[in-house]
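Survey of secondary and tertiary structure
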Amino acid sequence: MARTSTTDGQADMDDDRARAAHDGIHDGAHEGDGGRPLGRGPLRARSRAVWSVVAVGGLTLATASPTWVSTTVSTALEPTVDVAVTGTTAAPAVGAAALVVVAGGVALAIAGRVARWVALVVVALAGALATASAAAVLLDPLPAATSGASATAGVTDLTSPVSVAVWPWLTAVLGVAAVLVAALAAAGAPAWGATSGRHERADAAPGAGGSAPSAEATPSGDDPDAPGQHDPHDAWDALSRGTDPSADR
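These remarks concern the structure in this document. Keep in mind it's a predicted model, so treat the numbers as computed, not measured.

Attention now moves to the overall build of the protein. Helices and strands together make up the secondary structure of the protein, namely 8 helices and 3 strands. Seen in sequence order, the protein has helices and strands lined up from the N terminus as α-α-β-β-α-α-α-α-β-α-α.

Here it is as structure tokens:
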């Protein structure tokens, strides 16, 4: 009986150690070297986050170029005049927001630990602006069509219903995608390494393994007062006086 109790106690201790090790593994699963937390999600790599943000911004800008709204008007010279309004005209904020998203993605490539969060917030706000601007056109395309008719034919009386293309829908979706990409990048940002220090000053203090040479200990060959050195002007003056300038070398 004593041997059985000892065996059971040893088994319980082994189970406790196994559970403690398992809990320790899970507790440290989100920590990297030096206790730094690891990022989560598919954008744990900085390069992947940068390219994702730039791609979404570029696609958003591409959807703003085609015709969003079309209609017709009638003038004194022509009974039917086609009116086509592009996305940059119907919603000027979309183009600006798309450029901001692209710029934010480029900034992520070189941003430090604080600047990366600022860039991600700006990207998310720009995506929300693009979605809101596209949604405004989708909800009421008449102002954009009227403005386009005035710019095209000089009249505002539309002679046909306003037709809305698929492009503003795509722009609205891409704006939401920009917000989601910014959120995923924020989740993976803790895993990003620090930016390179190759642009630091060249005269920075050297490491512990060496010391910078002293300027006073290094003789300069351009010092006219150094031993064996002569100023060319003094040599010329000596020749003018009829004296050999090399006599004192």
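Here the narrative resumes.
Another point: the sheet that holds strand 3 (residues 163-164). Strand order in this open sheet of 3 strands is 2-1-3, and the pairing throughout is antiparallel. Two strands in the sheet have a free side with no partner beyond their single neighbour: strand 2 (81-86) and strand 3. Pairing analysis gives 6 bridges linking strand 1 (residues 67-73) to strand 2, with the strands arranged antiparallel. Bridged to valine 73 within strand 2 is valine 81. Lying over the sheet, helix 6 (residues 142-153) contacts strand 1 and strand 2, oriented at roughly 120° with respect to strand 2.

What follows covers the nonpolar core. One recurring pattern in soluble globular proteins: nonpolar side chains tend to sit buried together. Grouped together as the largest cluster of nonpolar side chains are 19 residues, with contacts concentrated most on Val53, Leu108, Ala185 and Trp192. Among the elements of the structure, helix 2 (46-63), helix 4 (92-108), helix 5 (115-139) and helix 7 (167-188) are those that each provide at least two residues to this core. It is helix 5 that provides the largest number of residues to this core, a total of 5 residues. Listed in part, the 16 residues of the second largest apolar core include Ala64, Val69, Val81 and Val85.

Residue placement: threonine 171 occurs in helix 7. For threonine 171, a relative accessible area of 0% puts it in the buried group. Beyond its immediate stretch of four places on either side in the chain, threonine 171 contacts Thr60, Thr63, Trp68, Val94, Ala130 and Ala134.

Turning next to a nonpolar patch on the surface. Taken together, Val164, Val166, Trp167, Trp169 and Leu170 make up a surface patch of nonpolar side chains, about 450 Å² in accessible area. The biggest single contributor to the nonpolar patch is helix 7, with 3 residues. As for its placement among the helices and strands, tryptophan 167 is situated in helix 7.

Calculation notes
Residues numbered from 1 in each chain as written. Predicted model: local features only at pLDDT ≥ 70, side-chain atom pairs only at ≥ 80, totals over all residues. Heavy atoms only, no water. Helix = DSSP H or I, 4+ residues; strand = E, 2+ residues; numbered from the N terminus. Pairing = 2+ DSSP bridges. Contact = heavy atoms within 4.5 Å. Axes fitted to C-alpha atoms, helices over the stretch in contact; angles between N-to-C directions. Core = buried A, V, L, I, M, F, W, Y, C linked by side-chain atoms within 4.5 Å. Buried < 20%, exposed > 50% of the residue type's maximum accessible area, 1.4 Å probe, protein only. Patch = residues over 30% accessible without salt bridge, like charges linked within 9 Å, V, L, I, M, F, W, Y side chains within 5 Å. Areas by Shrake-Rupley, 256 points an atom, 1.4 Å probe, with all protein chains shown as cover. Salt bridge = Lys/Arg side-chain N within 4 Å of Asp/Glu carboxyl O.

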